[in-house]
Amino acid sequence: AEMGLLHDCEDCLIFQQHWMPPTEYMRGPVTKHWIIWHHTAGWDNPFGTINYWAGDNRGRVGTEFVIGGQHPDNVQKQYDGKIVQAFPEGSYAWHTGTGNSAMHINSVGIELCNIGMVQNGKTYVNTPIHPDQICTLDKPFRGFSQYHRYSDAQLLALKDLTLHLANKYDIDLRVGLYQWVKDKGAAGFDVINLDFANHNRGLYTHTNLTSQKSDCFPQPE
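All residue numbers here refer to positions counted from 1 along the written sequence of the relevant chain. Note on the predicted model: pLDDT of at least 70 is required for a residue's local features to be given, and 80 or more for side-chain atom pairs to be given and counted; whole-chain, interface and lining totals, by contrast, use all residues. The basis for every side-chain value is the complete set of heavy atoms in the structure, and neither hydrogens nor water enter the calculation.

A. Here's a closer look at the pairing of strand β2 (residues 13–18). Most of β2 sits inside the fold, with five of its six residues counted as buried. Whether two strands pair depends on DSSP finding at least two bridges between them. For helices the rule is a DSSP run of H or I covering at least 4 residues; for strands it is a run of E covering at least 2, with both sets numbered from the N terminus onward. Of the strand pairs in this sheet, β2 and strand β5 (residues 83–85) are connected by two bridges, and their pairing is parallel. The residue of β5 that forms the bridge with Q16 is V84. Burial here depends on accessible area, computed with a 1.4 Å probe over protein chains only, as a share of the maximum for the residue type. Under 20% is buried, over 50% is exposed, and the range in between is partly exposed.

See below:
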């Protein structure tokens, strides 16, 4: 059940708790050395995303944090930028797709509510998406030129949460995605180097770990 707002006074991050049942994640505490960004390829509601994980039959799948977004209809924005925690601090669940590795256990996952790729003005489930919510890339990314735009509120929440976690767990954000983007621009999101990630603690997007995913995509903002 939703447990209300929490105010982490260490650096004043405000988020809500909406924990999955204990059978849907692995209890810690474990230390955290990596941060992994994802997006859901789903709808705007972070509570709905967590409920889906809690009720599916895939086992203990999920990320600790989910950030709500805008609905593709451009009308429903009540969840935009809301940060929700899916299980207790120091716990973990399957999210990297890299096996039972140290990075899987010792990483914090952040999931952005986002419908993903766009084709012909429609989402991948063939529903309309408002033109204001379409991001058109200069170069295709993982086979698609258009994606559902991450909102300004989401990106601000992602920044705040990422900095909060880096400070909390002493994670060097300059290692991984940041350096690749600095060196290669948007192509840094397309760098796939699981061996490097496994051996170098830092910040990565799911796309840096596998060629099979397109979350997160390199929106210019």
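That covers the picture; the talk isn't over yet.
B. The arrangement of unusual backbone geometry in detail. Of note, the bond from G28 into P29 is cis; its omega dihedral lies within 30 degrees of zero at 5°. Within the secondary structure layout, P29 lies in the loop between β2 and β3 (34–39). In this structure, the amide linkage connecting D215 to the following residue, C216, adopts the cis form with an omega of 5°. Residue position: C216 is located in the segment after β11 (203–205). A positive phi angle, close to 55°, is found at A41, a residue other than glycine. Within the element layout of this structure, A41 appears in the loop between β3 and α1 (46–55). A positive phi angle, close to 55°, is found at N120, a residue other than glycine. Considering the arrangement of structural elements, one finds N120 in the loop between β7 (117–119) and β8 (122–123).

C. Up close: the side chain of H95. Along the chain, the position of H95 falls in the loop between β5 and α2 (102–105). Under the relative-accessibility criterion, H95 is labelled buried at 11%. Side-chain atoms alone can form a polar contact between residues adjacent in sequence; in general such a contact is a pair of N or O atoms within 3.5 Å, and within protein one must be able to donate a hydrogen while the other accepts it. Side chain to side chain, H95 and H38 meet in a polar contact 2.9 Å long. One polar contact links H95 to S107, side chain to side chain, over a distance of 2.9 Å. With residues up to four places along the chain from it excluded, the contact list for H95 reads I36, H38, G62, T63, H104, S107, V108, G109 and H206. The criterion used for residue contact is that any of the two residues' heavy atoms lie within 4.5 Å.

D. Quick look at the pairing of strand β6 (residues 107–112). Counting buried residues in β6 gives six out of six residues, a clear majority hidden from the surface. Here β6 shows a buried face lined by S107, G109 and E111 and a second buried face lined by V108, I110 and L112. Two strands pair when backbone bridges link them, and β3 and β6 are joined in this way by six bridges, in the parallel orientation. Each bridged residue has a counterpart across the sheet, and for W37 the counterpart in β6 is I110.

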